[in-house]
Amino acid sequence: MPLHSSEALVLRTYRLGESDLIVVMLTRDRGKKRGVAKGGARSRKRFGGALEPLTHVRMAYQEREQRELVRLQDADVLGSPLTAGGEACTYASYFAELLDEWAPDNDPQERLYRLGVAVLEAMRVGVGAERLARYFEYWLLRLQGVYPSTHACPQCGASLQGGAVLEPRSHWFLCRQCASHGQGVSVPAAALQFLAEAAHVAPAALGGVNVSSEALGQLAAAHRLLLVWHLDREPRAARVLREINP
Ligand SMILES: [Zn+2]
């Protein structure tokens, strides 16, 4: 049985019988894998805090012929959301859930992987969770090629610099003239400005970007609409976050 060692992000775990855990992880080189952590549910010792969602690990695992599940040998923690404190763990679960939704099995997704690692690192240096979440959603949808244009209205070609409305049926950003009145989510110019910055800076540099919590709140509403549209449901962790921050 070949032994592999790879950097990975833990996405989630669930129980397998009395004492084992199934671990879903996004490896850097070979995409999303599922592995069995023997004894992982019974004893926390062997894998320590390495199996929390969004933990960055170096994972040693064995592939088994004809079996989809790999066998996890051990994990070294390279970065953990547990050290970020506060609400970081809830946000970490949210990011990990979205990565899990979007990453196909056994298909390398290095850009998604790097997005996850960079956001984790930004969390650990204290970048605010709200702006990180909007950044993460923006890039996640962009990497899939489904983020609507933030530059020009698709109906009339006008610039969206002054703000836009996310139209709920087409899921485009329209200019205020083209948007049907009273429908859609208003996205102010400040939120679009934030996206323009997010397109160019690393998440660790987001702390220096000037954006109001009101603009981020409007962007959160627009992103929720886009995510539900593409996922067909609201992410579980997003509901938890909304209960924490109504
Ligand atoms: Zn227009």
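Per-chain numbering applies: the sequence of each chain, read as written, is numbered from 1 onward. With pLDDT at 70 or above as the cut-off, local features in this predicted model cover only qualifying residues; side-chain atom pairs require 80 or more to be listed or tallied, and sums for whole chains, interfaces and linings still use all residues. To get the side-chain values, all heavy atoms of the structure are used, and hydrogens and water are removed first.

A. Spotlight on the packing of aromatic side chains. Stacked, tilted and edge-to-face are the three classes assigned to paired rings of Phe, Tyr and Trp, where Trp is represented by its six-membered ring and a pair needs centres within 6.5 Å; plane angles under 30 degrees give stacked, over 60 edge-to-face, the rest tilted. Counted under the stated rule, the structure contains six aromatic pairs. With 5.9 Å between their ring centres and 45° between their planes, Tyr-94 and Phe-95 make a pair best called tilted. Across the pair, Phe-95 and Tyr-94 agree in class, each one buried. An aromatic cluster of at least three residues, connected via ring pairs, comprises Tyr-91, Tyr-94, Phe-95 and Phe-136. Partly exposed residues are those whose accessible area sits between 20% and 50% of the maximum for their type, while under 20% is buried and over 50% is exposed, using a 1.4 Å probe and protein chains only.

B. A look at the coordination of the zinc ion. Excluding water, the donors of a metal are its N, O and S neighbours within 2.8 Å, or within 3.2 Å for Na, K and Ca, and that exclusion means sites may look incomplete. Binding of the zinc ion to the protein goes through Cys-153 (SG), Cys-156 (SG), Cys-175 (SG) and Cys-178 (SG), at separations of 2.3 Å. All donors to the zinc ion come from one chain, and their sequence spacing reads C-x2-C-x18-C-x2-C. Placement of Cys-153 in the loop between α3 (129–143) and β6 (163–166) and of Cys-175 in the loop between β7 (173–174) and β8 (185–188) is noted, with a sequence separation of 22 residues between them. Residue Cys-153 is classed as buried on the basis of its relative accessible area, which comes to 3%. Helix and strand definitions here come from DSSP, where helices need a minimum of 4 consecutive H or I residues and strands a minimum of 2 consecutive E residues; each element is numbered from the N-terminal end.

C. Highlighting helix α6 (residues 236–244). Taken as a whole, α6 has its buried residues at Ala-237, Ala-238 and Leu-241. Each buried residue of α6 sits inside an arc of 105° when the element is viewed along its axis, so together they form one side. Contacts between residues were defined by any pair of non-hydrogen atoms, one from each residue, lying within 4.5 Å. Each element contacted by the buried residues of α6 is listed here: α1 (88–102). What the arc measures is the spread of directions leading from the helix axis to the C-beta atoms.

D. Spatial organisation of the sheet that holds strand β3 (residues 31–37). Here, strands pair whenever DSSP counts at least two bridges between them. Taken in spatial order, the five strands of this closed barrel run β1-β2-β3-β5-β4, and their pairing is mixed. Recorded for the sheet is a direction-independent mean angle of 50° between the axes of neighbouring strands. Relative to β3, strand β2 (residues 20–27) runs antiparallel, the two being bridged by seven bridges. Along β3, the bridge assignment pairs Thr-27 with Gly-31. Structural elements are reduced to axes, namely lines fitted to C-alpha atoms, with helices fitted over the stretch in contact, and the angle between N-to-C directions of any two is expressed from 0 to 180 degrees. Together, β1 (3–16), β2 and β3 form the strand contacts of α1, whose direction differs from that of β1 by roughly 105°. Along the sheet, helix α2 (residues 110–124) makes contact with β1, β2, β4 (56–62) and β5 (70–79), crossing β1 at roughly 75°.

E. Inspection of the sheet that holds β7 at higher detail. Read across the open sheet, the three strands follow the order β7-β6-β8; overall the sheet is antiparallel. Edge positions in the sheet fall to β7 and β8, since each of these pairs with one other strand and no more. Of the strand pairs in this sheet, β6 and β7 are connected by two bridges, and their pairing is antiparallel. What sits directly across from Leu-166, in β7, is Phe-173. Strands β6 and β8 of the sheet are contacted by helix α4 (residues 189–198), whose axis makes an angle of about 65° with β8.

F. Focus on the domain arrangement of the chain. Where each domain begins and ends follows an automated or database-derived domain assignment. Taken domain by domain, the chain consists of domain 1 (1–126) and domain 2 (141–244). In this structure, domain 1 and domain 2 have C-alpha centres spaced 29 Å apart. Contact with domain 1, which involves 15 residues of that partner, is made by 16 residues of domain 2. Overall, the association of domain 1 and domain 2 removes approximately 1400 Å² of surface from exposure, summing both partners, and the carbon and sulfur fraction of that is 75%. On the domain 1 side of the interface with domain 2, the three residues burying the most area are Tyr-94, Glu-97 and Trp-102, jointly 42% of the side's total. Throughout, the accessible surface (probe 1.4 Å) given up by two parts as they are put together, summed over both, is called the buried area.

G. Seen up close, α2. For a helix, the expected span equals 1.5 Å multiplied by the residue count minus one. The first and last C-alpha atoms of α2 sit 21 Å apart over 15 residues, in line with the 21 Å expected at 1.5 Å per residue. Those residues of α2 lying buried are Leu-112, Tyr-113, Leu-115, Gly-116, Val-117, Val-119, Leu-120, Ala-122 and Met-123. Where α2 is buried, its residues meet β1, β2, β4, β5, α1 and α3. Count one or two residues on from α2 and you reach Gly-126, which has phi positive near 90°.

H. Main features of the environment of Ser-170. Among the structural elements, Ser-170 can be located in the loop between β6 and β7. By relative accessible area, which is 34% here, Ser-170 ends up partly exposed. N or O atoms within 3.5 Å of each other form a polar contact, as long as, within protein, one can give a hydrogen and the other can take it, and as long as residues adjacent in sequence are counted only when both atoms are side-chain atoms. Polar side-chain contacts of Ser-170 include one of 3.3 Å to the backbone nitrogen of Trp-172.

I. View of the pairing of β5. As paired strands, β3 and β5 are joined by two bridges and run parallel to one another. Counterpart to Gly-35 in the pairing with β5 is Val-70. Relative to β5, β4 runs antiparallel, the two being bridged by seven bridges. Its bridge partner being in β5, Met-59 is matched across the sheet by Ala-75.

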